Amino acid sequence: MKPQQKIRVTFFGDSICTGQHVAIHQGWVTRTSLELSKILDSSNGEIVVTNSSVNGRTTRQALETMAYEIQSHAPEIVIIQFGMNDCNYWKSDRGLPRVSEESFAANLAEIVQRSFHYGAKAVFLNTNHPTTLRNNKFPNTEITYQESNELYNQAIRSVAQSTNANLNDLENHFIQLIQQKGIDLSSLLLEEDQLHLSSLGHDAYFSFIFPKIEKTVQEILNS
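Quantities reported herein were computed from a predicted structural model and do not represent experimental measurements.

## A few points about the packing of aromatic side chains
Within this structure, the stated rule accounts for eight aromatic pairs. Ring geometry for Phe12 and Phe82: centres 5.5 Å apart, planes at 85°, overall edge-to-face. With Phe12 in strand 1 (residues 6-13) and Phe82 in the loop between strand 3 (77-81) and helix 4 (101-117), the pair connects residues that are 70 residues apart, well separated along the chain. By relative accessible area, Phe82 is classed as buried at 1%. Considering the side-chain rings of Phe138 and Tyr145, the 6.1 Å spacing of their centres and the 65° angle between planes classify their relative orientation as edge-to-face. Taken together, the aromatic side chains of Phe11, Trp28, Phe174 and Tyr205 make up a single cluster linked through ring pairs.

## Overview of the packing of helix 4 against helix 5 (residues 145-163)
Contact geometry of helix 4 with helix 5 gives a least axis separation of 9 Å together with a crossing angle of 35°. The interaxial crossing formed by helix 4 with helix 5 has right-handed handedness. Here Glu101, Phe104, Ala105, Leu108, Ala109, Val112, Gln113 and Phe116 of helix 4 lie close against helix 5, whose contacting residues are Leu151, Tyr152, Ala155, Ile156, Val159 and Thr163. Here the residues of the contact of helix 4 with helix 5 are counted per class, giving eleven nonpolar, two polar and one charged.

## Brief notes about helix 4
Between its first and last C-alpha, helix 4 extends 24 Å over 17 residues, near the 24 Å set by a 1.5 Å rise per residue. Here helix 4 has its buried residues at Phe104, Asn107, Leu108, Ala109, Ile111, Val112 and Ser115. On its buried face, helix 4 sits against strand 1, helix 3 (59-71), strand 3, strand 4 (122-126) and helix 5. Phi for Gly119, located one or two positions after helix 4, is positive at around 110°.

Conventions we followed
Residues numbered from 1 in each chain as written. Predicted model: local features only at pLDDT ≥ 70, side-chain atom pairs only at ≥ 80, totals over all residues. Heavy atoms only, no water. Phe/Tyr/Trp six-rings, centres within 6.5 Å; stacked < 30°, edge-to-face > 60°. Helix = DSSP H or I, 4+ residues; strand = E, 2+ residues; numbered from the N terminus. Buried < 20%, exposed > 50% of the residue type's maximum accessible area, 1.4 Å probe, protein only. Axes fitted to C-alpha atoms, helices over the stretch in contact; angles between N-to-C directions. Left-handed = near helix turned anticlockwise from the far one by under 90°. Contact = heavy atoms within 4.5 Å. Nonpolar A, V, L, I, M, F, W, Y, C, P; charged D, E, K, R; others polar. Expected span 1.5 Å × (residues − 1).

Here is the structure:
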(Lines give C-alpha, C1' and ligand atoms only; values in the text may rest on other atoms or scores of the structure.)
Protein backbone atom coordinates (compact mmCIF):
# COMPACT_ATOMS: atom_id res chain seq x y z
CA MET A 1 0.00 0.00 0.00
CA LYS A 2 1.27 3.43 -0.91
CA PRO A 3 1.70 5.77 2.10
CA GLN A 4 -1.03 8.38 2.53
CA GLN A 5 -2.66 7.49 -0.75
CA LYS A 6 -5.72 9.58 -1.60
CA ILE A 7 -8.64 8.04 -3.43
CA ARG A 8 -11.27 10.31 -4.92
CA VAL A 9 -14.70 8.81 -5.50
CA THR A 10 -17.22 10.83 -7.52
CA PHE A 11 -20.89 10.14 -8.11
CA PHE A 12 -21.95 11.73 -11.38
CA GLY A 13 -25.67 11.56 -12.00
CA ASP A 14 -29.16 12.92 -11.50
CA SER A 15 -31.81 12.88 -8.76
CA ILE A 16 -31.39 9.15 -8.20
CA CYS A 17 -27.99 10.02 -6.74
CA THR A 18 -29.03 13.18 -4.93
CA GLY A 19 -32.14 11.61 -3.41
CA GLN A 20 -35.57 13.19 -3.34
CA HIS A 21 -38.08 13.52 -0.49
CA VAL A 22 -35.98 11.35 1.83
CA ALA A 23 -33.67 12.50 4.63
CA ILE A 24 -30.10 13.12 3.49
CA HIS A 25 -28.67 10.49 5.81
CA GLN A 26 -30.93 7.82 4.27
CA GLY A 27 -29.64 8.34 0.74
CA TRP A 28 -27.59 5.52 -0.74
CA VAL A 29 -24.80 7.87 -1.85
CA THR A 30 -24.45 9.47 1.59
CA ARG A 31 -24.43 6.05 3.25
CA THR A 32 -21.80 4.83 0.80
CA SER A 33 -19.60 7.81 1.66
CA LEU A 34 -19.94 7.14 5.38
CA GLU A 35 -19.08 3.46 5.06
CA LEU A 36 -16.11 4.15 2.79
CA SER A 37 -14.71 6.53 5.41
CA LYS A 38 -14.50 3.62 7.84
CA ILE A 39 -11.93 1.94 5.63
CA LEU A 40 -9.47 4.53 6.92
CA ASP A 41 -9.57 2.87 10.32
CA SER A 42 -7.45 0.04 8.95
CA SER A 43 -5.49 1.79 6.22
CA ASN A 44 -3.10 4.64 5.67
CA GLY A 45 -5.12 6.21 2.90
CA GLU A 46 -7.57 9.05 2.51
CA ILE A 47 -10.91 8.76 0.74
CA VAL A 48 -12.70 11.84 -0.58
CA VAL A 49 -16.25 11.24 -1.81
CA THR A 50 -18.00 13.86 -3.93
CA ASN A 51 -21.59 13.79 -5.16
CA SER A 52 -21.60 15.79 -8.40
CA SER A 53 -25.22 15.05 -9.24
CA VAL A 54 -28.03 17.38 -10.25
CA ASN A 55 -31.80 16.81 -10.25
CA GLY A 56 -33.28 16.63 -13.72
CA ARG A 57 -29.95 16.41 -15.53
CA THR A 58 -29.52 14.58 -18.82
CA THR A 59 -26.32 13.19 -20.32
CA ARG A 60 -26.23 16.15 -22.72
CA GLN A 61 -26.17 18.57 -19.81
CA ALA A 62 -23.72 16.40 -17.89
CA LEU A 63 -21.13 16.51 -20.65
CA GLU A 64 -21.09 20.29 -20.40
CA THR A 65 -20.11 20.11 -16.72
CA MET A 66 -17.48 17.37 -16.97
CA ALA A 67 -14.58 19.79 -17.35
CA TYR A 68 -14.98 20.89 -13.74
CA GLU A 69 -16.83 18.09 -11.98
CA ILE A 70 -14.75 15.20 -13.32
CA GLN A 71 -11.78 16.30 -15.37
CA SER A 72 -10.38 18.95 -13.03
CA HIS A 73 -10.64 16.64 -10.00
CA ALA A 74 -9.49 13.43 -11.72
CA PRO A 75 -11.26 10.95 -9.41
CA GLU A 76 -9.96 7.40 -9.24
CA ILE A 77 -13.49 5.98 -9.12
CA VAL A 78 -16.52 7.38 -10.96
CA ILE A 79 -20.09 6.10 -10.51
CA ILE A 80 -22.37 7.24 -13.33
CA GLN A 81 -26.16 7.17 -13.33
CA PHE A 82 -28.23 8.82 -16.03
CA GLY A 83 -31.21 7.94 -18.16
CA MET A 84 -34.37 8.70 -16.23
CA ASN A 85 -34.41 12.23 -17.59
CA ASP A 86 -32.97 11.37 -21.00
CA CYS A 87 -35.76 8.84 -21.63
CA ASN A 88 -38.53 11.26 -20.61
CA TYR A 89 -40.82 12.92 -23.13
CA TRP A 90 -41.91 16.49 -22.50
CA LYS A 91 -45.13 17.70 -24.09
CA SER A 92 -43.24 20.63 -25.61
CA ASP A 93 -40.97 18.21 -27.52
CA ARG A 94 -43.89 16.96 -29.62
CA GLY A 95 -43.26 13.25 -29.37
CA LEU A 96 -39.47 13.28 -29.10
CA PRO A 97 -37.53 12.19 -25.99
CA ARG A 98 -35.42 14.74 -24.17
CA VAL A 99 -32.37 12.91 -25.52
CA SER A 100 -32.67 10.28 -28.26
CA GLU A 101 -31.49 6.73 -27.56
CA GLU A 102 -28.63 7.14 -30.03
CA SER A 103 -27.45 10.42 -28.54
CA PHE A 104 -27.87 9.06 -25.02
CA ALA A 105 -25.59 6.10 -25.78
CA ALA A 106 -23.02 8.36 -27.45
CA ASN A 107 -23.09 10.86 -24.58
CA LEU A 108 -22.77 8.12 -21.99
CA ALA A 109 -19.85 6.53 -23.84
CA GLU A 110 -18.07 9.89 -23.96
CA ILE A 111 -18.63 10.43 -20.24
CA VAL A 112 -17.04 7.05 -19.53
CA GLN A 113 -14.16 7.61 -21.93
CA ARG A 114 -13.39 11.05 -20.54
CA SER A 115 -13.47 9.67 -17.00
CA PHE A 116 -10.88 7.06 -17.90
CA HIS A 117 -8.79 9.58 -19.84
CA TYR A 118 -8.57 11.86 -16.80
CA GLY A 119 -7.29 9.16 -14.50
CA ALA A 120 -10.20 6.99 -13.37
CA LYS A 121 -9.04 3.51 -12.44
CA ALA A 122 -12.62 2.24 -12.31
CA VAL A 123 -15.87 3.53 -13.79
CA PHE A 124 -19.24 2.12 -12.78
CA LEU A 125 -22.34 2.48 -14.95
CA ASN A 126 -25.71 2.02 -13.24
CA THR A 127 -28.84 0.98 -15.04
CA ASN A 128 -32.01 2.51 -13.66
CA HIS A 129 -34.53 0.70 -11.51
CA PRO A 130 -38.00 -0.14 -12.84
CA THR A 131 -40.97 2.08 -12.11
CA THR A 132 -44.71 1.38 -12.02
CA LEU A 133 -45.39 3.93 -14.78
CA ARG A 134 -46.61 1.42 -17.36
CA ASN A 135 -50.10 2.64 -18.21
CA ASN A 136 -50.13 6.22 -19.42
CA LYS A 137 -48.42 6.91 -22.71
CA PHE A 138 -46.40 10.07 -23.28
CA PRO A 139 -48.16 12.82 -25.29
CA ASN A 140 -47.91 12.28 -29.05
CA THR A 141 -46.33 8.83 -28.62
CA GLU A 142 -47.20 5.15 -28.27
CA ILE A 143 -44.72 4.57 -25.43
CA THR A 144 -44.99 4.70 -21.65
CA TYR A 145 -42.36 5.93 -19.24
CA GLN A 146 -41.39 2.44 -18.10
CA GLU A 147 -41.12 1.15 -21.67
CA SER A 148 -38.78 4.04 -22.46
CA ASN A 149 -36.80 3.43 -19.27
CA GLU A 150 -36.24 -0.20 -20.28
CA LEU A 151 -34.98 0.80 -23.72
CA TYR A 152 -32.47 3.23 -22.24
CA ASN A 153 -31.30 0.58 -19.77
CA GLN A 154 -30.46 -1.62 -22.73
CA ALA A 155 -28.37 1.22 -24.11
CA ILE A 156 -26.55 1.51 -20.77
CA ARG A 157 -25.68 -2.19 -20.87
CA SER A 158 -24.31 -1.85 -24.39
CA VAL A 159 -22.19 1.15 -23.43
CA ALA A 160 -20.79 -0.66 -20.40
CA GLN A 161 -19.76 -3.57 -22.60
CA SER A 162 -18.18 -1.40 -25.30
CA THR A 163 -16.25 0.87 -22.90
CA ASN A 164 -15.12 -1.70 -20.28
CA ALA A 165 -17.05 0.14 -17.58
CA ASN A 166 -18.32 -1.93 -14.65
CA LEU A 167 -22.07 -2.51 -14.89
CA ASN A 168 -24.30 -2.18 -11.83
CA ASP A 169 -27.53 -3.60 -13.19
CA LEU A 170 -30.06 -2.08 -10.79
CA GLU A 171 -32.97 -2.95 -13.05
CA ASN A 172 -32.23 -6.67 -12.80
CA HIS A 173 -31.45 -6.35 -9.09
CA PHE A 174 -34.89 -4.86 -8.41
CA ILE A 175 -36.55 -7.53 -10.54
CA GLN A 176 -34.81 -10.22 -8.49
CA LEU A 177 -35.93 -8.59 -5.24
CA ILE A 178 -39.49 -8.61 -6.51
CA GLN A 179 -39.47 -12.16 -7.89
CA GLN A 180 -37.31 -13.94 -5.32
CA LYS A 181 -38.15 -12.08 -2.12
CA GLY A 182 -41.69 -11.02 -2.89
CA ILE A 183 -40.99 -7.33 -2.39
CA ASP A 184 -43.62 -4.98 -3.81
CA LEU A 185 -42.02 -2.64 -6.34
CA SER A 186 -44.15 0.28 -5.17
CA SER A 187 -42.60 0.00 -1.67
CA LEU A 188 -39.18 0.74 -3.18
CA LEU A 189 -40.46 3.92 -4.81
CA LEU A 190 -41.85 7.21 -3.54
CA GLU A 191 -45.62 7.18 -3.24
CA GLU A 192 -45.73 10.68 -4.74
CA ASP A 193 -44.40 9.77 -8.18
CA GLN A 194 -43.58 6.01 -8.21
CA LEU A 195 -40.28 6.89 -9.87
CA HIS A 196 -37.84 8.17 -7.27
CA LEU A 197 -36.51 5.94 -4.51
CA SER A 198 -38.18 5.50 -1.14
CA SER A 199 -36.02 4.84 1.93
CA LEU A 200 -36.38 1.12 1.17
CA GLY A 201 -35.29 1.80 -2.39
CA HIS A 202 -32.18 3.57 -1.11
CA ASP A 203 -31.53 0.52 1.08
CA ALA A 204 -31.70 -1.70 -1.99
CA TYR A 205 -29.27 0.50 -3.91
CA PHE A 206 -26.81 0.74 -1.04
CA SER A 207 -26.70 -2.98 -0.26
CA PHE A 208 -26.14 -3.79 -3.94
CA ILE A 209 -23.61 -1.11 -4.88
CA PHE A 210 -21.53 -0.47 -1.77
CA PRO A 211 -19.73 -3.86 -1.68
CA LYS A 212 -18.56 -3.35 -5.26
CA ILE A 213 -17.17 0.11 -4.58
CA GLU A 214 -15.61 -1.04 -1.31
CA LYS A 215 -13.83 -3.87 -3.10
CA THR A 216 -12.48 -1.49 -5.74
CA VAL A 217 -11.25 0.97 -3.11
CA GLN A 218 -9.45 -1.81 -1.26
CA GLU A 219 -7.81 -2.96 -4.47
CA ILE A 220 -6.53 0.54 -5.20
CA LEU A 221 -5.28 1.01 -1.64
CA ASN A 222 -3.42 -2.29 -1.78
CA SER A 223 -1.95 -1.82 -5.25
